[in-house]
Amino acid sequence: MPYTKRRRLVRTAVAVALGATTLAACGTESADSETESGPASLTYWTWTPGMDKVVDLWNKGPGKKDQITVTVKKQASGDTLVTKILTAHKAGKAPDLVQAEYQALPTLVSNDALADISKNVGDAQGSFADGVWQQTTLGTDAVYAVPQDIGPMMFYYREDLFKEYGLTVPTTWDEFAETARKLKKAAPDKDLTTFSANDSGLFAGLAQQAGAKWWTTSGDQWKVSIDDAATQKVAKFWGGLVEEGAVDNQPMYTPSWNKALNTGKQIAWVSAVWAPGTLTTAAPDTKGKWAMAPLPQWSASETRTGSWGGSSTAVTTDSKHQAAAAKFAAWLNTDSDALNALAKESGIYPAAKNAQTSGAFLKPPAYFANQADFYTKAADIAETTAPSAWGPNVNVAYTTFKDAFGAAAKNKSDFGAALKKMQDDTVADMKKQGFGVAR
């Protein structure tokens, strides 16, 4: 769709591509910090539990001093919140601040819903790993949000059962495959892990680690490469393991999957830093029997991980106090007191590097009391987060993944065909919406 007003975000090639296809071309110009003065009352839409208690620290401290008051409005998460934000923005009534998952940022930016706050976040960039900060810039000089929490991926395994079956923790994906086969030969009733298609974020994170760039821009057009070589490699790898029966093909988060973890039928899980919470519920009888290690690599010379989950704090173009809102967003996600409160009240794993081994993260999760260096190791892994490349219709790609890969996993059929379906559906939807798509 053509745009009717040239916005600030069309200053780079990527931003041109976003601006040229916007669904809501007219927006509020970003405010420079020096143009604002006086009291500001801000509204923050977030789904994070306990956020009101964290915001109280701001309102009673820095906010009181600067006459900037923030009010929390609890919302649903995921696509539901994105839809609500866009609906409010079309009416010019979006809140000042919103919590947004990283993969949702391009959708919000392409609809002119998020402001460029690069002039108002100070030196916040230094608090985050490069691969994490990049997700809030969309590869441009603009800054559309401040990272809040992240989900660096890692490998979890039953330490006791690995020892029992003489297994070595895999450091490469080739070793991972051999470990799966060795276990299946020694214990046919057990599986190293499962390939699950009911959480698209897992596959996206694995592709990210492999070097995938699903959405990029070429001039004033988007380029969709969901079926790029890196992702094809990931799909072929997991499809092959499922087809030969080396790993299970049941979905995660089901009673059957929980039982497999709890009884030792499944003895490892490719997951993220938040896994201890899930294991606590899914496999309570195995507390203290698991250990965490870095994700296997595609090459022994690599040290890289993907992301599974995570969100940021963004400022909307509808806000009349963008500089004040950006100041709060930076404080929320870099201030030590705020980060300690977020960990305590909200249970998040912070994106800020300095908070990952302090405060609540000085001790390992109770479920991993046997691994004293859990969070030290997690912080090292988080530092290696690979860059990502999200686009304006991640929801369509994710939905197709669940359908196509879900069927392929169940039937042990061609994962390559499922990946092509994911690519084709995503491109077709972008063209339908009026986005320019490069060949």
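Reading guide: rules and limits
Along each chain, residues carry numbers from 1 onward, in the same order as the chain's sequence is written. pLDDT decides what is reported in this predicted model: residues at 70 or higher carry local features, side-chain atom pairs at 80 or more are listed and counted, and totals for whole chains, interfaces and linings draw on all residues regardless. Hydrogens and water molecules were not included; the side-chain quantities draw on all heavy atoms of the structure. Strands here are runs of E lasting at least two residues and helices are runs of H or I lasting at least four, both read from the DSSP assignment and numbered beginning at the N terminus. C-alpha atoms define the radius of gyration in this analysis, and the globule rule sets the expected value at 2.2 Å times the number of residues to the power 0.38. The buried label applies to any residue whose accessible area, calculated with a 1.4 Å probe on protein chains only, is under 20% of its type's maximum; exposed applies above 50%, and partly exposed to all values in between. For accessible areas, the Shrake-Rupley method is used with a probe of radius 1.4 Å. Any residue's cover is judged against the shown protein chains and nothing else. In this tally, Asp and Glu contribute negative charge and Lys and Arg positive charge; neither His nor the terminal groups of the chain are included. A single reference atom marks each charge: NZ on Lys, CZ on Arg, CG on Asp, CD on Glu. Only Phe, Tyr and Trp rings are paired, with Trp represented by its six-membered ring, and only when their centres lie within 6.5 Å; those with planes under 30 degrees apart are stacked, over 60 edge-to-face, the remainder tilted. Here, a charge over a ring means that NZ of Lys or CZ of Arg falls within 6 Å of the ring centre while also lying within 35 degrees of the ring normal. Among the buried residues, those of types Ala, Val, Leu, Ile, Met, Phe, Trp, Tyr and Cys that are joined through side-chain atoms within 4.5 Å form a nonpolar core. Every residue pair with non-hydrogen atoms within 4.5 Å of one another is taken to be in contact. Criterion for a salt bridge: a side-chain nitrogen of Lys or Arg within 4 Å of a carboxyl oxygen of Asp or Glu. One requirement defines pairing of two strands: DSSP has to find at least two bridges between them. Predictor confidence is given residue by residue as pLDDT, running from a minimum of 0 to a maximum of 100. Counted as a polar contact is a pair of N or O atoms within 3.5 Å, where, for protein atoms, one must be capable of donating a hydrogen and the other of accepting one, and residues adjacent in sequence contribute only when both atoms are in side chains. Lines are fitted to the C-alpha atoms to define the axes, a helix being fitted only along its stretch in contact, and any angle between axes, read from their N-to-C directions, falls within 0 to 180 degrees. When an angle is under 35 degrees it counts as roughly parallel; over 145 it counts as roughly antiparallel; between 65 and 115 it counts as roughly perpendicular; any other value is oblique. The nonpolar class holds Ala, Val, Leu, Ile, Met, Phe, Trp, Tyr, Cys and Pro. Asp, Glu, Lys and Arg form the charged class, and all remaining residues, Gly among them, are polar. Each direction from the helix axis to a C-beta atom contributes to the arc, which is the arc of those directions.

Draft legend 1. Just the overall build of the protein, in detail. Along the backbone of the protein there are 17 helices and nine strands. Taken against the 2.2 N^0.38 rule, which gives 22 Å for 439 residues, the C-alpha radius of gyration of the protein at 22 Å falls within 12% of a compact globule. Across its three principal directions, the C-alpha atoms of the protein cover 70 × 50 × 40 Å. For the protein, with 439 residues in total, the buried portion stands at 58%. Here the protein has roughly 17700 Å² of accessible surface; of this, 50% comes from carbon and sulfur atoms. Side-chain charges in the protein split into 45 positive and 45 negative, and the spacing between the mean points of these groups amounts to 3 Å.

Draft legend 2. Local environment of the packing of aromatic side chains. Overall, the coordinates contain 40 aromatic pairs when judged by the stated rule. Ring plane angle 80 degrees and centroid distance 5.5 Å describe the contact between Tyr-253 and Trp-257, whose orientation is recorded as edge-to-face. Here Trp-257 falls in the buried class, since its relative accessible area comes to 0%. With 5.0 Å between their ring centres and 70 degrees between their planes, Trp-257 and Trp-269 make a pair best called edge-to-face. Placement of Trp-257 in helix H11 (residues 255-263) and of Trp-269 in strand E7 (residues 268-272) is noted, with a sequence separation of twelve residues between them. Neither Trp-257 nor Trp-269 differs from the other in exposure class; each is buried. Its guanidinium or amino end placed over the ring of Trp-45, Lys-84 lies 5.1 Å from that ring's centre, counting from NZ or CZ.

Draft legend 3. Looking closely at the nonpolar core. Ranked by internal contacts, the top residues of the largest apolar core, which has 145 residues, are Phe-195, Trp-214, Trp-215, Trp-238, Val-270 and Phe-405. It is helix H16 (residues 394-411) that provides the largest number of residues to this core, a total of eight residues. For Trp-238, the contacting residues outside a window of four places in its chain are Trp-173, Phe-176, Thr-193, Thr-194, Phe-195, Leu-206, Val-270 and Phe-415.

Draft legend 4. Highlighting the environment of Val-146. Structurally, Val-146 can be placed in strand E4 (residues 146-158). Non-local contacts of Val-146, meaning those with residues more than four positions away in its chain, are made with Ile-117, Val-121, Phe-128, Thr-136, Ser-312, Thr-313, Ala-329, Ala-330 and Asn-333.

Draft legend 5. Highlighting the pattern of salt bridges. In this structure the tally under the stated criterion is ten salt bridges. Measuring nitrogen to oxygen at the nearest pair gives 2.7 Å for the salt bridge that ties Lys-420 to Asp-424. Of the two residues, Lys-420 and Asp-424 both sit in helix H17 (residues 415-433), four residues apart, roughly one turn of that helix. Owing to a relative accessible area of 48%, Lys-420 belongs among the partly exposed residues under this scheme. Among the ionic pairs, Asp-425 bridges to Lys-421, the shortest N-O distance being 3.3 Å. Taken together, the residues Asp-425 and Lys-421, both in helix H17 and four residues apart, mark about one turn of the helix. Given the relative accessible area of 43%, Lys-421 is considered partly exposed. Three or more residues joined by partner-sharing salt bridges are found here, namely Glu-178, Arg-181 and Glu-244.

Draft legend 6. Representation of the pairing of strand E6 (residues 221-224) in the model. Burial along E6 is one-sided: the face carrying Trp-222 and Val-224 is buried and the face carrying Gln-221 and Lys-223 is not. The pairing of strand E5 (residues 215-218) with E6 spans four bridges and is antiparallel. Note on E6: the bridge partner recorded for Thr-217 is Trp-222.

Draft legend 7. Quick peek at the pairing of strand E9 (residues 307-315). Here E9 lies mainly inside the structure; eight of its nine residues are buried. Inspection of the sheet shows strand E3 (residues 97-101) paired to E9 by five bridges, in the antiparallel sense. The residue of E9 that forms the bridge with Gln-99 is Thr-313. Bridge count between E4 and E9: five bridges; the pairing is antiparallel. When the sheet's bridge partners are listed, Val-146 is paired in E9 with Thr-313.

Draft legend 8. The arrangement of the confidence of the model for the protein in detail. Put simply, the protein has an average pLDDT of 91, and 91% of its residues get 70 or more. This stretch, residues 1-31, has a pLDDT under 50; its non-local contacts, to residues over four places away or in other chains, come to 87 contacts.

Draft legend 9. Molecular detail of the side chain of Asn-393. With respect to the helices, strands and loops of the structure, Asn-393 is situated in the loop between helix H15 (374-382) and H16. In terms of polar contacts, Asn-393 uses its side chain to reach the side chain of Asp-429, at 2.9 Å. Apart from residues lying up to four places away in sequence, Asn-393 is in contact with Thr-107, Trp-215, Thr-426, Asp-429, Met-430 and Gln-433.

Draft legend 10. View of the packing of helix H9 (residues 200-210) against H16. The geometry of H9 relative to H16 is characterised by a closest axis approach of 9 Å and an angle of 100 degrees between their N-to-C directions. Comparing the axis directions of H9 and H16 gives the class roughly perpendicular. Where H9 abuts H16, its residues Ser-200, Gly-201, Phe-203 and Ala-204 lie against Tyr-398, Phe-401, Lys-402 and Phe-405. Looking at the contact of H9 with H16 residue by residue, the class counts come to five nonpolar, two polar and one charged.

Draft legend 11. Fine view of the environment of Trp-257. Between the C-alpha atom of Trp-257 and that of Ala-282, which follows or precedes it by 25 residues, the distance is 8.1 Å. In this structure, Trp-257 is in contact with Thr-194, Gln-250, Pro-251, Met-252, Gln-266, Trp-269, Thr-278 and Ala-282, ignoring residues within four places of it in sequence.

Draft legend 12. Geometry of H11. The set of residues buried in H11 consists of Trp-257, Ala-260 and Leu-261. End-on, the buried residues of H11 take up no more than an arc of 95 degrees, which puts them together on one face. Opposite the buried face of H11, at more than 90 degrees from it, the exposed residues are Pro-255, Lys-259 and Thr-263. Phi for Gly-264, located one or two positions after H11, is positive at around 85 degrees.

Draft legend 13. Expanded view of the side chain of Gln-266. For Gln-266, the position within the fold is in the loop between H11 and E7. For Gln-266, a relative accessible area of 2% translates into the label buried. A distance of 3.3 Å separates a polar atom in the side chain of Gln-266 from a polar atom in the side chain of Trp-257.

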